[in-house]
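An overview of the molecular structure
One-letter residues, chain by chain:
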Amino acid sequence: MPPTLIDITGQWQYLLAEMVLVGGGIVAMIVDLLLPRRNKSVVGYFSLAIVLAAITVVAVQMGRHVGGYLQFQYVGATGWKNTVVVDLFAQLMSLIMLVGALFVLVMDVYDWRGRQGYEGESYYLILFATTGALLMANSADLITLFIGMELLSLPSYVLAGLHRQNVKSNEAGLKYFLYGGLATAAILYGMSFLYGLSGTTDLVAMPSAIASQLPNERLFFDIAFAFLLLGLGFKMAVVPFHMWAPDVYEGAPTPVTAYLSVVSKVAGFAMATRVLIVPFLPVVAESTTAAHTGLPLVTILAIVAVLSMLGGNAAALRQRNAKRLFAYSSIAQAGYVLVGLAAMPGQSAATAGSMVFYLAVYALMNVGAFVTIEWVTRAAGDESLAAFAGLGRRSPWMAFAFTVCLLSLGGFPITAGFWGKFFLFSFAVNAQLSWLAYAGMVLSVISFVYYFRFIRQMYFVRPATAETLQVDAGNTVVLALCTVGVLFFGIVPNVLMGPAQAVGASFLSMLNAVP
Amino acid sequence: MIDFFSQPTNLWFVVIAFLTLIASLGVVAGEKVMHLALNLGGSFAGVAALFVLLQSPFLAIAQVLIYVGAILVMILFGLMLTGAHATEPTGVETGKKVTVATAVIVLTALTIWGVYGSAGRWPVVPSGLDTSLTALGQALYGHWGVAFEAASTLLLAALVGAIVVSRREDDEA
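Residues numbered from 1 in each chain as written. Chains lettered and ligands numbered in written order. Predicted model: local features only at pLDDT ≥ 70, side-chain atom pairs only at ≥ 80, totals over all residues. Heavy atoms only, no water.

Moving on, we get to the confidence of the model for chain B. Taken as a whole, chain B shows an average pLDDT of 81; of its residues, 82% reach a score of 70 or greater. Across the interface, the model reports ipTM at 0.87; the global pTM reads 0.90. (pLDDT = per-residue confidence, 0-100.)

Let us look at the packing of aromatic side chains. Any pair of aromatic rings gets described here by the distance separating the centres and the angle formed by the planes. Counted according to the given criterion, the structure contains 33 aromatic pairs over all chains. Judged by centre distance (6.3 Å) and plane angle (75°), the ring pair of Y336 of chain A and Y358 of chain A falls under edge-to-face. Of this pair, Y336 of chain A sits in helix α12 (residues 322-342) while Y358 of chain A sits in helix α13 (residues 349-380), and the two are 22 residues apart along the sequence. For the pair formed by Y336 of chain A and Y358 of chain A, the shared burial category is buried. Look at Y141 of chain B and F148 of chain B: their rings are 4.8 Å apart centre to centre, the planes differ by 65°, and that puts the pair in the edge-to-face class. Through a chain of ring-to-ring contacts, the aromatic side chains of F326, F370, F388, F402, Y450, Y451 and F454 of chain A assemble into a single cluster. (Phe/Tyr/Trp six-rings, centres within 6.5 Å; stacked < 30°, edge-to-face > 60°. Helix = DSSP H or I, 4+ residues; strand = E, 2+ residues; numbered from the N terminus. Buried < 20%, exposed > 50% of the residue type's maximum accessible area, 1.4 Å probe, protein only.)

Moving on to the interface of chain A and chain B. Buried accessible area, meaning the area lost when the parts come together, often serves as the stated size of an interface. With 44 residues of chain A in contact, the opposing surface of chain B contributes 34 residues. Of the roughly 3,400 Å² buried between chain A and chain B on both sides combined, carbon and sulfur atoms contribute 72%. Counting every contact that joins chain A to chain B gives zero salt bridges. At the junction of chain A with chain B, the criterion picks out one residue pair in polar contact (both at pLDDT 80 or more). For the side of chain A that touches chain B, the elements supplying multiple residues, two or more each, are α1 (16-34), α4 (119-137), α5 (142-160), α6 (167-198) and α7 (206-236) of chain A. Counting residues per element, the side of chain A that touches chain B draws most heavily on α5 of chain A, which supplies eight residues. (Contact = heavy atoms within 4.5 Å. Buried area = accessible area lost by both parts, 1.4 Å probe. Salt bridge = Lys/Arg side-chain N within 4 Å of Asp/Glu carboxyl O. Polar contact = N/O pair within 3.5 Å; in protein donor to acceptor, adjacent residues only side chain to side chain.)

So, on to the pattern of salt bridges. All names here are of chain A. Going through the model one piece at a time under the given rule, you end up with nine salt bridges over all chains. R115 serves as the salt-bridge partner of D111, at 3.3 Å between the closest nitrogen and oxygen. Across the salt bridge formed by K323 and E383, the nearest N and O atoms sit 3.5 Å from each other. Of this pair, K323 sits in helix α12 while E383 sits in the loop between α13 and α14 (391-394); the two residues are 60 residues apart in sequence, bridging distant segments of the chain. Each of K168, E171, K175, D247, E250 and R324 takes part in salt bridges that share partners, so that together they form one network.

What follows concerns the side chain of N475 of chain A. Residue and element names in this part refer to chain A. Mapped onto the elements, N475 comes out in helix α18 (residues 473-491). Here the side chain of N475 touches D472 through a polar contact of 2.8 Å, side chain to side chain. Residues in contact with N475, not counting those within four places in the same chain, are V106, M107, Y110, V371 and W375.

Quick look at the structure:
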């Protein structure tokens, strides 16, 4: 009996989080229609509840399987097979993205206060986009991954241009759409080569199918890799595929910028970890033998990582606009994570774990920074660094939280960001990429220069007004959670690194899974 | 290469692929929007013919019905209603043109080199594939069920997005 939608009901439980998000999004859409214009924040609170529910679902699923769940999971031997994958890697990535989406929604509810426009739409578009982001982590099949990516991208284009009266927001939306469409085409083209070579879209079955084709068709793997790197590089915003990021980050509404720099980026890395690594393992293995003729794929990843760290940090030095500066900062941050990606092939579970660790920490510190940027720039009506002048006197606690996030982004000891970089770079050394690790260490020192510019403004420059900055309860909680998280994981990193290593183990078991 | 053309399907493939490419080039290089739309129709029809060669008659029919029949007609309707017959000014700097042209030529050369080098090693038409509607339906609603559902969500989100982007706000009017 062939499987049908009705026969495989039992499998749907693995997609419960996605179903909660989609269902919630549709209900939010209807509620939005019925509400009068001034009460749209109800949709925002409803969306918050939906994301909280999804977080609960993922957390419960994770908790129930801890210990015996490290192996790669097939969902239904006859049904979906690897179109849906529920392993610890997918679950922890989903959790990071859901928490990021939750924080962004809190920011968004505030951002719409006193504004006219597509408020309700912004909430449920975030729900739909987050569904796509989860699918990008929850699948090991090119088709499902691709549709998940589009489900994330399309609402993101609209979200970036949502402030219709703002010319820069319109520009951001259009630019993001055009560049994004190109990246999508590149990914699809690269995927078509992988399918042509292996005859399957199933990433788990792909390495063995590819290994047999490798001696004759090496060039096609290089072409496929090049196109996939181009497209995914855009999604992760790494140099040289980063051109869109500064304009889009600056023009988009600040909560959307936070969403792009956290949720979209983590989703991009989740997909890249599977798509850029798994099918190419035989290719990388061949590169280490004497007879190889093709491009050195690991070296290319490493070069992109260095370019991102260099380009992001160097360009950030020259920025005076806080959002633009953070666009470059997050390009550099993506470079650090790429160090982990480059060190991954043939490495221990710990390398994958260190990447997940860094992404989790990155989500916390970046959201914390963007909450502060949102409040300060909104109150000052000015997005330049000068808006932060004297924040240490006006709102000491907010200034403290921002300082912690900035130091962590730079990699200052006793913050979580330090341990994130420490793990990434030390595993790069283990993977015979010590030059990459040293480059990363040197270049992250540069980043302190521009992070300290904020700190200087806050503590050593006289404020334009003496008014204290009032922050609403929701954003205070988000900022406090981010700060406490950054400090907590900085003092006891093993609390997070333990699960992250288990995640790495679960990811590697995918490579050993029998198709 | 002579072996390649001795099979009639391969010959047909080359002819149809050539025509499809010409039409696609017309879409990219043309000036008048109406011509672009008509070239797009030719490109869609060519892809439909390729599906026939790949022994997937249902996909060919769907391609004609949906792309040539519906989407192309939608585009033509849009053109008629908005009266967009103006040509886009092509004010691109020479430097950028050179960069783009170099990238395109290198990529094309690489791809052609790769395809030429592998000629004859890859089967042109897959054999032993079940292309019946039953098999297609079972694949779509069984194995690819999640992708199918996600695609429908994607369409819903795209619909909302299209409305947001195109609707005129009260205070904009």
